[in-house]
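Fold and geometry: a report
Take a look at the letters that make up each chain.
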Amino acid sequence: MTLWEAVAVLLAGFAGGALNTAVGSGTLVTFPVLLATGLPPVTATVSNALGLIPGSLSGAYAYRRELAGQRRLLLPLCASAAAGGLVGAGLLMVLPPGVFATVVPVLVGLALLLIAVQPLLTRALRGRLTRPGGGLPLRIGLGLASVYGGYFSAGQGILYVALSGALLDASLQRINALKNVLVAQVNAVAAGFFLIAADIDWPAALLIAAGATAGAPFGARAAQRLRPVALRVLILTVGTAGLLHMTLS
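So, here's what we can say about the structure. (Residues numbered from 1 in each chain as written. Predicted model: local features only at pLDDT ≥ 70, side-chain atom pairs only at ≥ 80, totals over all residues. Heavy atoms only, no water.)

Moving on, we come to the nonpolar core. Leu34, Phe100, Val108, Phe152 and Phe194 are the most contacted members of the largest nonpolar core, which totals 33 residues. Top contributing element to this core by residue count: helix 7 (residues 97-125), with six residues. Core analysis: the next-biggest nonpolar cluster, separate from the first, contains 27 residues, Leu74, Ile158, Val183 and Ala220 among them. (Core = buried A, V, L, I, M, F, W, Y, C linked by side-chain atoms within 4.5 Å. Buried < 20%, exposed > 50% of the residue type's maximum accessible area, 1.4 Å probe, protein only. Helix = DSSP H or I, 4+ residues; strand = E, 2+ residues; numbered from the N terminus.)

Here it is, written out as structure tokens:
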């Protein structure tokens, strides 16, 4: 990795940490940059998942006020997320690399589509499936979303926000706080598996970690000030650029 590539990865980590905390799509920034440095797709995903853990923890801490009183809700949701994340990490190791290279652009495209339609989806489902604590539908939904998150984390936070927004009677800020904890949970479980079973590019992971840790508090502050529409447009723009890079390279 050259000096300029290292700087690019560090800045991508900062942007990824900020976006993960604010909305939940930081991998759409970090993953294409890691690929651009020459890392294979699976190694880039593994290194990215490990590197984003400190940023996820920093983001969860920045939302500590919104997390107050949500412990009883978090425990069963974290259990579902951890199980799904472990399954997803296992699939990443078991499936051939060619499958990953083929599936990733599709997953990124689906994540971007979900970001675009999230307000419509939330309005359509809110009140129809809402249960105290989200109920079994939310736990199952988060578990399935976490399988995706353990396999490839781009947009997993968006999935969590969409599901929780539809099935929980809570403010967006409190849902965002829950999302940050769940993302940290899934990344930690997946990374623990990867430490044993996968090849990690440690310089890339450490640069992502440093940038994400610094960027997460910035994202938390920005999320409370930036209008949702503006933030969604920013994510779609960055994510589309990343998708084009992956499909054309």
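Now for the side chain of Ser80. Tracing the chain through its elements places Ser80 in helix 6 (residues 71-94). Every residue in contact with Ser80, bar those within four places of it in the chain, is listed here: Arg139 and Gly143. (Contact = heavy atoms within 4.5 Å.)

Quick look at the packing of helix 2 (residues 27-36) against helix 3 (residues 41-51) now. Two packed helices can be described by the angle between their axes and the distance between those axes. Following both chains from N to C, one finds helix 2 and helix 3 inclined at 135 degrees, their axes separated by 9 Å at the closest point. In terms of axis orientation, helix 2 runs oblique to helix 3. In this structure, helix 2 meets helix 3 at a crossing whose hand is right-handed. Contact residues: helix 2 offers Thr27, Thr30, Phe31, Leu34 and Leu35, while helix 3 offers Pro41, Ala44, Thr45 and Asn48. Here the contact of helix 2 with helix 3 is built from residues that sort into five nonpolar, four polar and no charged. (Axes fitted to C-alpha atoms, helices over the stretch in contact; angles between N-to-C directions. Parallel < 35°, antiparallel > 145°, perpendicular 65-115°, else oblique. Left-handed = near helix turned anticlockwise from the far one by under 90°. Nonpolar A, V, L, I, M, F, W, Y, C, P; charged D, E, K, R; others polar.)

The next subject is the environment of Ser47. Turning to its location among the elements, Ser47 is positioned in helix 3. If near-sequence neighbours (up to four positions away) are discounted, Ser47 is found in contact with Ile200, Asp201 and Ala205. Reaching out from Ser47, the side chain makes a polar contact with the backbone oxygen of Thr43 at a distance of 2.8 Å. (Polar contact = N/O pair within 3.5 Å; in protein donor to acceptor, adjacent residues only side chain to side chain.)

The next thing to look at is helix 8 (residues 135-151). End to end, helix 8 covers 25 Å across 17 residues, agreeing with the expected 24 Å (1.5 Å per residue, within 8%). By the burial criterion, the buried members of helix 8 are Gly135, Leu138, Gly141, Leu142, Gly143, Ala145, Ser146, Tyr148, Gly149, Gly150 and Tyr151. (Expected span 1.5 Å × (residues − 1).)

Attention shifts here to the packing of aromatic side chains. For the structure on display, the rule yields three aromatic pairs. Ring geometry for Phe14 and Phe218: centres 5.8 Å apart, planes at 40 degrees, overall tilted. In this pair, Phe14 sits in helix 1 (residues 3-22) while Phe218 sits in helix 11 (residues 202-223), placing the two residues 204 residues apart along the sequence. Classification of Phe218 as partly exposed rests on a relative accessible area of 43%. When the ring of Phe193 is compared with that of Phe194, the centres are 6.4 Å apart and the planes differ by 75 degrees; the resulting orientation is edge-to-face. (Phe/Tyr/Trp six-rings, centres within 6.5 Å; stacked < 30°, edge-to-face > 60°.)

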